[in-house]
Amino acid sequence: MMIREKYSTNIKETTLNVVQTEIESVRKKDISKTGLRLYKDGFIGVSGAIGNYDELELQERAEKTLSLKIPYPHAASRDMKEQVSNCPEIIKDTDFPAEIEALLSELRQQQPKFTFFHKIKLVEQQTELKNEQNLDLQYKDRHISIELAIKEKASANLLDAFTGYQGRVYDRNQFVQMANDICNAFLNPVEMPKGAKLPAVYDASHPLPLKKLITDLNGQLFATGSSLFSGKLNEEIFNTNFSLYQSLHPEASFQPFFDAEGVVNPGYSYPLIENGRLMAPYTDKKTAAQFDLPLTGSAAAEYDSVPSLGYLNFKLKESNKTLKELLGGQMGIFVLISEGGDFTPNGDFATPVQLAFLFDGEKLIGRLPELQLSSNVFKMFGEDFVGVGKNKLHPLASEKYMVLNMDISK
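A short tour of the structure in this document, coming up.

How each quantity is defined
Residues numbered from 1 in each chain as written. Predicted model: local features only at pLDDT ≥ 70, side-chain atom pairs only at ≥ 80, totals over all residues. Heavy atoms only, no water. Helix = DSSP H or I, 4+ residues; strand = E, 2+ residues; numbered from the N terminus. Contact = heavy atoms within 4.5 Å. Axes fitted to C-alpha atoms, helices over the stretch in contact; angles between N-to-C directions. Left-handed = near helix turned anticlockwise from the far one by under 90°. Nonpolar A, V, L, I, M, F, W, Y, C, P; charged D, E, K, R; others polar. Salt bridge = Lys/Arg side-chain N within 4 Å of Asp/Glu carboxyl O. Buried < 20%, exposed > 50% of the residue type's maximum accessible area, 1.4 Å probe, protein only. Expected span 1.5 Å × (residues − 1). Polar contact = N/O pair within 3.5 Å; in protein donor to acceptor, adjacent residues only side chain to side chain.

**Here we look at the side chain of S145**
By the secondary structure assignment, S145 is in strand 7 (residues 135-152). With residues near it in sequence (within four places) discarded, S145 still touches K119, I120, K121, Y165 and Q166.

See the structure below:
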């Protein structure tokens, strides 16, 4: 029996391009993409279209690729209906440019020593996955994304700092306060605290410190012995306070709550590391079946491609302490710009930090000199992992921050 499945996306986006703290241009897009998948006898055929399309022509193209006999010996997801809509009225589309111009005017007045530039977006996106096996998954989301690079006018650098957030709420005064916190701390150079090892404070979703986990928890690498964590399933490899989830919870991400194969996890998350113990690498249907691993629902796909294993989203478990409580009276190194770092195959980590602030757990105190951070993945998330703070730093931003003791040098 042949099964038809449609995977469709739509994105409406208004982008304001900001130059010299003024709106330089406005760009709007409204793009729909539709993919048709045909499953039959352990094979898959796929076709796709952008915008309006002819149903018959889409079907014929999918049937042609089905004849190529691309293996897909897995059952299509079935018997599940769920809709999630996170679409608050953030700013009316028609008011968006005027409101952002008012925001930029405030920044010009309150931070005359700096210029701000890059993008501010209002985004509405929709993703649907439906098939003839009673699968009907629909996700709709609206959010604002502010990404502003900051340049001190007296500086020769291309950029000196940045500010912004991605969220479903907006308040002009609160965002100006967020930018002021960065700019005012930047103008206050301070000395590095004494000590060879100090608490570093990172955004808990920052890809750099999580990079080794993202690469080496890949199910294929794990199962073929190419991962640093291969052979350690069910072993306690990290701090018992450290738990890592593959999470598509609608409140904590801006992605559909289902993966590209229609897998929905209980509570929208799957534990990969729980209380320091390695529970599972992340997998799609093929990887889970091929290597007898738990299916975590980590398939990714373009609208017109065959689903395959991908990295979706990680979330660290928060502690029951605030950042100030986690620091325990110590000053932290708040890392804002850290480019060029990496892990070695055995898990050693080193990175330059181009911009960091002295941080008391509640506010940025002043700008630190450029520095180097180093550690090892088993120490970072083992004996040197302090925790993830339960509080946010600003009302608008959803980010939580983790504290890790790391070796520091100039």
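There is more to say, and it comes next.
**Thoughts on the packing of helix 2 (residues 96-110) against helix 3 (residues 172-186)**
Two elements in contact, helix 2 and helix 3, have axes whose closest approach is 10 Å; the angle formed by their N-to-C orientations is 40°. Considering only the axes of helix 2 and helix 3, their crossing is right-handed. Two secondary-structure elements touch here, helix 2 through E99, A102, L103, E106, L107 and Q110 and helix 3 through R172, F175, V176, A179 and N180. Classifying every residue of the contact of helix 2 with helix 3 gives 6 nonpolar, 2 polar and 3 charged.

**A look at the pattern of salt bridges**
Tallied over the full model, the rule gives 20 salt bridges. Between D93 and K28 there is a salt bridge, with the nearest N and O atoms lying 3.8 Å from each other. Placement of the pair is D93 in the loop between strand 5 (80-86) and helix 2 and K28 in strand 2 (residues 22-40), with a sequence separation of 65 residues. Since its relative accessible area comes to 41%, D93 is described here as partly exposed. Here E236 makes a salt bridge to R277, at a shortest N to O gap of 3.9 Å. A residue pair is termed long-range when its members are at least 10 positions apart, and E236 in the loop between helix 5 (219-223) and strand 10 (244-247) and R277 in strand 12 (residues 277-278) qualify at 41 residues. A relative accessible area of 48% means that E236 is categorised as partly exposed.

**Here's the deal with helix 3**
Taking 1.5 Å as the rise per residue, helix 3 with 15 residues should run 21 Å; its terminal C-alpha atoms sit 21 Å apart, in good agreement. Buried within helix 3 we find F175, V176, M178, A179, N180, I182, C183, A185 and F186. The distance from a side-chain oxygen at the start of helix 3 to the backbone nitrogen of N173 is 3.1 Å, and the residue carrying that oxygen is D171.

**Topic: the environment of A76**
By the element assignment, A76 lies in the loop between strand 4 (70-71) and strand 5. By relative accessible area, which is 10% here, A76 ends up buried. In this structure the C-alpha to C-alpha distance between A76 and I50, which are 26 residues apart in sequence, comes to 24 Å. Beyond its immediate sequence surroundings of up to four residues, A76 is in contact with E5, Y39, N131 and K285.

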